[in-house]
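Fold and contact review
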Amino acid sequence: MNNSIKTDDVIFNFFKQICDEKDDQKCLELGKNWIHAMETNLSNMEANLDGADKLKHKDDIQSNRDHLDSLKSKSSSEWRDYATQCMVEIINNKK
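These notes cover the structure that comes with them. (Residues numbered from 1 in each chain as written. Predicted model: local features only at pLDDT ≥ 70, side-chain atom pairs only at ≥ 80, totals over all residues. Heavy atoms only, no water.)

1. Side note on the overall build of the protein chain
A count of helical and extended segments in the protein chain gives five helices and zero strands. Taken along the three principal axes of its C-alpha coordinates, the protein chain extends 45 × 40 × 20 Å. For the protein chain, restricting intrachain contacts to residue pairs at least 6 apart in sequence, the fraction spanning at least 24 positions comes to 64%. Surface accessibility of the protein chain: about 6900 Å² in total, with carbon and sulfur atoms responsible for 50%. Averaging the locations of the 14 positively and 18 negatively charged side chains of the protein chain gives two centres separated by 3 Å. (Helix = DSSP H or I, 4+ residues; strand = E, 2+ residues; numbered from the N terminus. Contact = heavy atoms within 4.5 Å. Areas by Shrake-Rupley, 256 points an atom, 1.4 Å probe, with all protein chains shown as cover. Lys, Arg positive; Asp, Glu negative; His and termini not counted. Charge placed at Lys NZ, Arg CZ, Asp CG, Glu CD.)

Shown next as structure tokens:
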């Protein structure tokens, strides 16, 4: 029996929290927490890249930062829609 926590499951459950949150302000806070966590991950990944790899992945990293910036102005209903879309993608990729 495999008891390891799968990253997709953690992400799915986080997005489910966003979808299930009835309080709009708490929903927005969850979204802001997601953005902060992803920005931290990007910064850590970038810091661990050497010169050649940093250059190779520069556009992808910037694209991810731009995507996160686009999420910052979402309303609670937009966050719920976004989280639902992400959950569907996770489910579809498991097949």
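2. Comments concerning the packing of helix H2 (residues 24-47) against helix H5 (residues 76-94)
As a packed pair, H2 and H5 sit with axes 9 Å apart at the nearest point and diverge in direction by 55 degrees. What the angle tells us is that H2 and H5 run oblique. Crossing handedness for the pair H2 and H5: left-handed. Contacts between H2 and H5 involve Asp24, Cys27, Leu28, Gly31, Trp34 and Ile35 from the first element and Ser76, Trp79 and Arg80 from the second. Classifying every residue of the contact of H2 with H5 by side-chain character gives five nonpolar, two polar and two charged. (Axes fitted to C-alpha atoms, helices over the stretch in contact; angles between N-to-C directions. Parallel < 35°, antiparallel > 145°, perpendicular 65-115°, else oblique. Left-handed = near helix turned anticlockwise from the far one by under 90°. Nonpolar A, V, L, I, M, F, W, Y, C, P; charged D, E, K, R; others polar.)

3. Looking at the packing of H2 against helix H4 (residues 58-71)
At a minimum axis distance of 10 Å, the contact between H2 and H4 shows a crossing angle of 165 degrees. Between H2 and H4, the interaxial angle falls into the category roughly antiparallel. In the packing of H2 onto H4, the handedness of the crossing is left-handed. For the pair H2 and H4, contact is made by Ile35, Met38, Glu39, Leu42, Ser43 and Glu46 and by Ile61, Asn64, Arg65, Leu68, Asp69 and Leu71, respectively. In terms of residue class, the contact of H2 with H4 is made up of six nonpolar, two polar and four charged.

4. Focus: the side chain of Arg80
Its place among the elements puts Arg80 in helix H5. Excluding residues within four positions of it along the chain, Arg80 makes contact with Ile18, Cys19, Glu21, Lys22, Asp23, Asp24 and Cys27.

5. A word on the environment of Asp9
If you trace the backbone, Asp9 turns up in helix H1 (residues 7-20). When the C-alpha positions of Asp9 and Leu71 are compared, they lie 22 Å apart, and in sequence the two are 62 residues distant.

6. Considering H4
The first and last C-alpha atoms of H4 sit 20 Å apart over 14 residues, in line with the 20 Å expected at 1.5 Å per residue. Restricting attention to buried positions, one finds in H4 the residues Ile61, Leu68 and Leu71. End-on, the buried residues of H4 take up no more than an arc of 75 degrees, which puts them together on one face. In H4, the exposed residues that point more than 90 degrees away from the buried face are Lys58 and Asp59. (Expected span 1.5 Å × (residues − 1). Buried < 20%, exposed > 50% of the residue type's maximum accessible area, 1.4 Å probe, protein only. Arc of directions from axis to C-beta.)

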